[in-house]
Amino acid sequence: MEQIRLKDGTVHNILTAAPNFISMEISPDEFASTYSTLTEDNLSMYQILTEDGSVCGIYTNKYVFEATIRDGIATFVLSDVDTTSKRIKDLEESNAMLTECILEMSQVVYAD
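Remember, predicted model here, so these are calculated numbers, not experimental data.

What counts as what
Residues numbered from 1 in each chain as written. Predicted model: local features only at pLDDT ≥ 70, side-chain atom pairs only at ≥ 80, totals over all residues. Heavy atoms only, no water. Core = buried A, V, L, I, M, F, W, Y, C linked by side-chain atoms within 4.5 Å. Buried < 20%, exposed > 50% of the residue type's maximum accessible area, 1.4 Å probe, protein only. Helix = DSSP H or I, 4+ residues; strand = E, 2+ residues; numbered from the N terminus. Contact = heavy atoms within 4.5 Å. Pairing = 2+ DSSP bridges. Axes fitted to C-alpha atoms, helices over the stretch in contact; angles between N-to-C directions.

Caption draft 1: A look at the nonpolar core. I4, M24, L43, Y46 and F76 are the most contacted members of the largest nonpolar core, which totals 15 residues. Mapped by element, the contributors of at least two residues to this core are β4 (21-25), β5 (45-49) and β8 (73-80). Counting residues per element, this core draws most heavily on β8, at 3 residues. Apart from residues lying up to four places away in sequence, L43 is in contact with L6, L38, T60, N61, K62, Y63, V64 and L78.

Structure (structure tokens):
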């Protein structure tokens, strides 16, 4: 059976996989815990493994767009992360941190 290995090393058995979806046979009770492992961070780099453990596909920057379970088959539809928006968000966070550092340093430099 093929498997998916997520960035954090978590491995799940899968029925089929493609760049835009993964399907696996799981119970409704397992659905929530499996879904919780398919985070954007874990899907930032994941591998599809063959039955013998060989890597047959490496995918990056995905997130779960839709998740369904029907008759014991869970399907997770994946979509590409908008890397431009992600980079802008990272830059904004970095800029805010640098601004705080500058303000703190200016208080030290100009302290009485």
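There is more to say, and it comes next.
Caption draft 2: Structural view of the sheet that holds strand β1 (residues 3-5). A sheet is described by the order of its strands in space; here 4 strands give the open sequence β2-β1-β5-β6, paired in antiparallel fashion. Where the open sheet ends on each side, the last strands, each with one partner, are β2 (11-13) and β6 (55-60). Shown here is a sheet whose adjacent strand axes are inclined to one another by a mean of 20 degrees, direction ignored. Here β5 pairs with β6 via 5 bridges, running antiparallel. The residue bridging Q47 from the neighbouring strand is I58, located in β6.

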